[in-house]
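Results of the structural survey
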Amino acid sequence: MIARLLACTALSLAVALPASAATDAEVIDLAAAQVRAKATVAQMQPAEKVVITHGIMPLPGGGPKVDIPKDAIVGAGYVSGIDRLGIPALRETDASLGVSWAGGARGDWSTALPSAVAQAASWNPALIQRGGAMIGAEARAKGFNVLLAGGVNLARDPRNGRTFEYFSEDPLLSGILAGAAIRGVQSNHIISTIKHFALNGQETARKYVDVQITPGAAHESDLLAFQIGIEQGQPGSVMCPYNRVHGSQACDSDWLLNKVLKQEWGYKGFVMSDWGAVPSIQTAINGLDHQSGEQLDPGVFFGSQLSAKAAADPVWRARLDDMNTRVLTAIYAAGLDKHPAPPGGAIDWDGHAAVAEETAKQGIVLLKNEGGALPLSKTVKSIAVIGGYADGGVLSGAGSSQVMGKGGPAAKLPVAGSGIWAGFISESYHRSSPMAAMKAQAPGATMLYRQGQYIKDAAELAARSEVAVVFATQWMTEGLDVPDLSLPRGQDALIEAVAAANPNTIVVLETGGPVKMPWLGKVKGVVEAWYSGARGGEAIASVLFGQTNPSGRLPVSFPADESQLPRPRLDGSDWVEPDFGGNPKNGKDQLKADYNVEGSDLGYRWFARTGKKPLFAFGHGLSYTNFSRTKPAIKGLSASIGVKNTGPREGAEVVQLYLVQRAGEAKRRLVGFGRIELAAGASGKVAMTIDPRLLADWKDGLWTMPGGDYVLATGSDAETLDTPVTLRMKARSWKN
Ligand code: GLC
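Fair warning: this is a prediction, and the values are worked out from it, not measured in the lab. (Residues numbered from 1 in each chain as written. Predicted model: local features only at pLDDT ≥ 70, side-chain atom pairs only at ≥ 80, totals over all residues. Heavy atoms only, no water.)

1. Quick notes on the overall build of the protein chain
Along its length, the protein chain carries 15 helices and 31 strands. For 736 residues, the compact-globule estimate of 2.2 N^0.38 gives 27 Å, and the protein chain sits close to it at 25 Å. Along the first, second and third principal axes, the C-alpha atoms of the protein chain reach 80 × 60 × 50 Å. Every one of the 736 residues in the protein chain was classed for burial, and the buried ones make up 66%. Considering only intrachain contacts with a sequence separation of at least 6, the fraction spanning at least 24 residues in the protein chain is 77%. In the structure as shown, the protein chain presents an accessible area of about 23,800 Å², 55% of it carried by carbon and sulfur atoms. (Helix = DSSP H or I, 4+ residues; strand = E, 2+ residues; numbered from the N terminus. Rg over C-alpha atoms; globule rule 2.2 N^0.38 Å. Buried < 20%, exposed > 50% of the residue type's maximum accessible area, 1.4 Å probe, protein only. Contact = heavy atoms within 4.5 Å. Areas by Shrake-Rupley, 256 points an atom, 1.4 Å probe, with all protein chains shown as cover.)

Right, dumping it as structure tokens:
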């Protein structure tokens, strides 16, 4: 039975932020819907039982040609309905950051949320729920009733090409934020997925990398993020990915899909495949319920072939009934039949842009601010604005999650020569110019722009300006990992030269994830703006000029360099061709990724275990004001921390509570967090309930906490901890 997770983040008493644990009204009820689903399946005729078990990708030019029904909408997926039984067709679109552009094939546009890692930097579940509600509303208005959102894979390797598309390296933060996003999406009476279940930790060679990890380490990290996200979001569907786990493709993994997801966790929705991730019909027995984008697979397994199996074998017949029951459970729970989503719905574009802008503002992280270089004065006389196409827009991530606003990209750099990815993948910038927004903040300032290809010219402009702001970009895409954490295209040299010409240099990073900063000591300020979405330019300018007090905290560690990582070189990167499909290359289709090196101690946990010092720690983020925290008052699993804004202006603090030692053994695990907004001089309390799974280890189906002393501490990041408190806890074991 999926137990409702204890609300393990804050109810901040000073500012009424809704608790992360959803109220019932916001969460669909899969268990209740299952009863009705079973009754419908009982009425199905044999031929009807292989209708909602598979679907196509209705995207012209997207892979092998397929007949696209006239009631399909160009996008990721289409699944026929069954009129006789009142079962609607499923129209599916990507993804977690908004309604995907699909290369412009529909000729429409959508509101782009900031990247998921940017959203996570807000540590604000209520805000992320609003973001999910916004993109779900746009999906619905365009006629889609399934949004392939809920990307929650842990940032186990910061070079992963989809780091931008996922929340964090921490399972608690990731799970709670994913649950909030899914609640938001499904509040529109459409189905959300949670993806990619599981251990989809890299893009290069994604179709055959074989992950090795013990069940215990998996349950304490990657799987826990999904477990919390499913508990709190109740997604109608779980998407399984391309990669292998313990030798089986994830969509063919009896362990992941049957044993963990359906038996241990009691999940009642349906498992859909990723597109082109189904190797055979046997996947149905191993827990797959729905074949997506079937034309991309070696065959359509979940149609007549499945019928034949069911006709001949009662085991397959029962399984087929269960597959239909699960798809229908999701349809009924989200209300797709009772609340049809016709295309042409109204969209509140301004209201949606405001959600994107607020999310971007709260996700921007002030990493460095030497001598109060920031915020910039509105009376500044001259600013050299350099790099990052900042005169035109802000960077976005590529792949199936690519969203694009009205008018398409402000700048689009093609990146692939041939194959179906060529027109689909590009380095694209949203039409939201940081420079234009900066001019609006300081209309009296002279601002001149240099793209930065000519370093000497850019440095000379910087030398003539009062301030230099360099925008540095790291583009990421699905299907390909970045080879290392350096800023590409010689941007490090550009920053060095500008900083040498003008010591009053600020760097604004627009990156998919962590990057190295060899120039850090030579610049005055560093702001991590990530991929900041439809109103990213306005959000960046608002923080630079102090209209917004930055409150973002890093949801991923920034390593000093790759040698600090569990795998200093990405496995197989020496022989895998960098293509976007992740297909076997050079006749090789065996690549093992041994996650047992770090086990569940990834990210900040790895740094704590190895004693290595990251460039910037998980949870780090500066403010234009200051806060003080009281020692946590902990009773049982309830913690309360007092916070005071001791600085000159309003701001938001993110209280982080870590387990630092358990029964004499060093540990580092985030066990609770809460965001609180306070006026200058004001005080408040952040209350949180600790999820005991973060205090326990998982083995053979049980969570086990040893008896003894548990040392917990708040911290301004995972490395900088306050005075700890010690609790004596009894040994206990439990299931889920
Ligand atoms: C992609 C992605 C998945 C997406 C699907 C449909 O390959 O892995 O996240 O939802 O295909 O576009």
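Next comes the rest of the write-up.
2. Some details on the site of the ligand
Asp94, Leu148, Arg162, Lys195, His196, Arg206, Met239, Tyr242, Asp274, Trp275, Ser400 and Glu478 make up every residue found near the ligand. Between the ligand and the protein, one listed contact pairs an oxygen atom with a side-chain N or O atom of Lys195 at 2.9 Å. One of the side-chain N or O atoms of Asp274 is found 2.6 Å from an oxygen atom in the ligand. Protein chains shield 93% of the accessible area of the ligand, which is 310 Å² for the free molecule. The class makeup of the residues in the shell around the ligand is 4 nonpolar, 2 polar and 6 charged. (Near = heavy atom within 4 Å. Polar contact = N/O pair within 3.5 Å; in protein donor to acceptor, adjacent residues only side chain to side chain. Nonpolar A, V, L, I, M, F, W, Y, C, P; charged D, E, K, R; others polar.)

3. Topic: the domain arrangement of the protein chain
Interface size, as often reported, equals the accessible area lost upon joining of the parts. Its domain assignment divides the protein chain into domain 1 (27–334), domain 2 (358–562) and domain 3 (625–734). On a C-alpha basis, the centres of domain 1 and domain 3 stand 33 Å from each other. Contacts between domain 1 and domain 3 engage 17 residues on the former and 14 residues on the latter. Of the roughly 1,400 Å² buried where domain 1 meets domain 3, counting both sides, 69% is carbon and sulfur surface. Three residues, Trp123, Leu172 and Glu220, lead the burial of domain 1 against domain 3; their summed loss comes to 45% of the area buried on that side. Where domain 1 touches domain 3, the interface holds 2 salt bridges. The salt bridge partner of Arg693 is Glu231, with a shortest N-O separation of 2.8 Å. (Domains from an automatic or database assignment. Buried area = accessible area lost by both parts, 1.4 Å probe. Salt bridge = Lys/Arg side-chain N within 4 Å of Asp/Glu carboxyl O.)

4. Observations regarding the sheet that holds strand 14 (residues 411–414)
Strand order in the open sheet formed by 3 strands is 13-15-14, and the pairing between neighbours is antiparallel. Only two strands of the sheet have a single neighbouring strand rather than two, namely strand 13 (394–395) and strand 14. Relative to strand 15 (residues 426–430), strand 13 is paired through 2 bridges, and the arrangement is antiparallel. Across the sheet, residue Leu395 finds its bridge partner in strand 15, namely Tyr429. (Pairing = 2+ DSSP bridges.)

5. Overview of helix 3 (residues 125–141)
Working note: α-helix, 3.6 residues per turn, so residues spaced by three or four point in the same direction. For helix 3, built from 17 residues, the straight-helix expectation of 24 Å at 1.5 Å per residue is met to within 8% by its first-to-last C-alpha distance of 24 Å. Most of helix 3 is tucked away, with 13 of its 17 residues classed as buried. Once helix 3 finishes, Gly143 follows within two positions and takes phi at roughly 100°, a positive value. (Expected span 1.5 Å × (residues − 1).)

6. Some thoughts on the state of the cysteines
Using the criterion set out here, one finds 1 disulfide in the structure. Put simply, Cys240 and Cys251 are joined by a disulfide, and their sulfur atoms are 2.2 Å apart. Of note, the bridge from Cys240 to Cys251 carries an S-S torsion of about 110° and is right-handed in sense. One end of the pair, Cys240, is in strand 7 (residues 237–240); the other, Cys251, is in the loop between strand 9 (248–249) and helix 7 (254–264), with 11 residues separating them in the sequence. Taking the relative accessible area as the measure of exposure, Cys251 reaches 0% and is therefore buried. (Disulfide = S-S within 2.5 Å.)

7. With respect to the sheet that holds strand 31 (residues 732–734)
Spatial ordering of the open sheet is given by 27-28-31, a layout of 3 strands whose pairing is antiparallel. Two strands bound the open sheet, and with one partner strand each, they are strand 27 (697–699) and strand 31. For this sheet the average axis-to-axis angle between neighbouring strands, irrespective of direction, equals 30°. Two strands pair when backbone bridges link them, and strand 27 and strand 28 (residues 702–705) are joined in this way by 3 bridges, in the antiparallel orientation. Residue Trp698 lies in a different strand from strand 28, and its bridge partner there is Trp703. (Axes fitted to C-alpha atoms, helices over the stretch in contact; angles between N-to-C directions.)

8. Quick notes on the pattern of salt bridges
Throughout the structure, instances matching the rule amount to 43 salt bridges. Among the ionic pairs, Arg319 bridges to Asp322, the shortest N-O distance being 2.9 Å. Of the two residues, Arg319 and Asp322 both sit in helix 9 (residues 314–334), 3 residues apart, roughly one turn of that helix. The class of Arg319 is buried, set by a relative accessible area of 10%. When its relative accessible area of 28% is taken as the criterion, Asp322 is described as partly exposed. Overlapping salt bridges bring together Arg162, Glu165, Glu203, Arg206 and Glu478 as one network.

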